[in-house]
Amino acid sequence: MIENGPLLERLLEGEFICAVTDEHSFHKLQNAQLVEDLNHFLRPLNRRVAKSEDGAVYFLAYCDLNQQARQQLSHQFNATVQSLLPMLEWMQLVQEAMGKDGALSAGDTIKLQDFESKVVDNQSLSQRLAQLSSDKLFKSTSDKSDMQIKQVFKRIKELGYLYQPHKDRLFYIVTGKVEQLIELVRFIKDEENVPISDDISEQEAMF
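In this report, the structure presented in the accompanying data block is examined. On a predicted model such as this, the values are computed, not experimentally measured, just so you know.

Considering the overall build of the protein
Then, number 1: When you go through the protein residue by residue, the secondary structure sums to nine helices and six strands.
Then, number 2: Expressed as a percentage of the 207 residues in the protein, the buried residues total 41%.
Then, number 3: Counting only contacts in the protein whose residues sit at least 6 apart along the sequence, the fraction spanning at least 24 positions is 51%.
Then, number 4: Of the roughly 12,100 Å² of accessible surface on the protein, a fraction of 46% belongs to carbon and sulfur atoms.

Okay, structure coming up:
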C-alpha cells in the first residue's frame, strides 16, 4: 500500500484521475484487485474508489450516505451547479467555434490559436465570449478577445477540465472530469425535483 501512497493522497485531495492527466495511474486503477485493496484502506474513512459511467475518470465517493456525507455532498453539488451554466456555455462555444458535431469529450484537443481565430472572425461568438468571460467563475475584466480567452482557459484548467501538456505551447486536452460534468447534467435532467434554471435546461439539449 505504501507504493500507492501518492495515488491515495491525490484521490483523497479530490483529484480526478484519467488517461489524460495521469495515464499510468489511470491504468493502475483498472486493476480490480488494486481497487479492492484501496477500498479496504479507505473504508474506515467512509470512502471508496468510483468511476464515471463510461470509465473515463476515477475519483473517490462515499460508501455510506450518513449525515456528514450528505452535508459534504450537498456543498459539493451546490458548488458544481453554480459553475454548471458557464461551463456548459464554454463547451458549446468551443463546439460551435471548432465545428464539432458533438459535445467535448475526454481526449479532445483544443489549440488556443485556432479557437481564437474562429471566435475573432465571428461577431456572435465574440459577443458570447465577452459575456462568458465576465462571469464570476472567470472574472475577466479585459475587453480584448485574446485576453478573455486566456483567462477562461486558465480558469478551466485550474478546475481540472483541461490539461496543458507543455507550458510553452498553447494547446489543451480535455480531461475525463468533463465526463462527470456531463453525467451531472443528465442526472439533473432525469431528476424532476432538482431545481435548475431555464438557461441550464436549454443548454442541456447539446447532450
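Some words on the sheet that holds strand E4 (residues 109–111)
Then, number 1: Across the sheet, which stays open at both edges, the three strands sit in the order E4-E6-E5 with antiparallel pairing between neighbours. Both edges of this open sheet fall to E4 and strand E5 (162–163), since each of them pairs with a single strand only.
Then, number 2: Judged from the three bridges that link them, E4 and strand E6 (residues 171–174) form a sheet pairing that is antiparallel. In the strand pairing of E6, lysine 111 is matched with phenylalanine 171.
Then, number 3: Packed onto the sheet, helix H5 (residues 112–120) meets E4 and E6 and runs at close to 65 degrees relative to E4.

Looking at helix H7 (residues 145–158)
Each α-helix winds once per 3.6 residues, and so residues spaced three or four apart point in a common direction.
Then, number 1: Compared with an ideal rise of 1.5 Å per residue, which puts 14 residues at 20 Å, H7 spans 20 Å between its outermost C-alpha atoms and is within 8% of the ideal.
Then, number 2: Turning to H7, its buried residues number three or more, namely Gln148, Ile149, Val152, Phe153 and Ile156. Projection of H7 onto a plane perpendicular to its axis shows the buried side chains occupying an angular sector of 120 degrees, all on one side.
Then, number 3: Count one or two residues on from H7 and you reach glycine 160, which has phi positive near 95 degrees.

Side note on unusual backbone geometry
Then, number 1: One non-glycine residue with positive phi stands out, namely asparagine 46, at about 60 degrees.
Then, number 2: Looking at where asparagine 46 falls in the secondary structure, it is placed in the loop between helix H3 (32–42) and strand E2 (47–51).
Then, number 3: One non-glycine residue, lysine 139, lies in the positive phi region at around 60 degrees.
Then, number 4: By relative accessible area, which is 62% here, lysine 139 ends up exposed.

Topic: the pattern of salt bridges
Then, number 1: Inspection of the entire model under this criterion finds eight salt bridges.
Then, number 2: Among the salt bridges present, the one from arginine 128 reaches glutamate 96, with a minimum N-O distance of 2.7 Å. Pair noted here: arginine 128 is in helix H6 (residues 123–133) and glutamate 96 is in helix H4 (residues 67–97), with a separation of 32 residues, a long-range link.
Then, number 3: Exposure remark for glutamate 96: the relative accessible area of 42% places this residue in the partly exposed category.

Let's talk about the sheet that holds strand E3 (residues 57–62)
Then, number 1: Strand order in the open sheet formed by three strands is E1-E3-E2, with antiparallel pairing between adjacent strands. Every other strand in the sheet has two partners, leaving strand E1 (17–18) and E2 as the edge strands with one partner each.
Then, number 2: Alignment of E1 against E3, held across two bridges, turns out to be antiparallel. If you follow isoleucine 17 over to E3, its bridge partner there is tyrosine 58.

Cut-offs applied
Residues numbered from 1 in each chain as written. Predicted model: local features only at pLDDT ≥ 70, side-chain atom pairs only at ≥ 80, totals over all residues. Heavy atoms only, no water. Helix = DSSP H or I, 4+ residues; strand = E, 2+ residues; numbered from the N terminus. Buried < 20%, exposed > 50% of the residue type's maximum accessible area, 1.4 Å probe, protein only. Contact = heavy atoms within 4.5 Å. Areas by Shrake-Rupley, 256 points an atom, 1.4 Å probe, with all protein chains shown as cover. Pairing = 2+ DSSP bridges. Axes fitted to C-alpha atoms, helices over the stretch in contact; angles between N-to-C directions. Expected span 1.5 Å × (residues − 1). Arc of directions from axis to C-beta. Salt bridge = Lys/Arg side-chain N within 4 Å of Asp/Glu carboxyl O.

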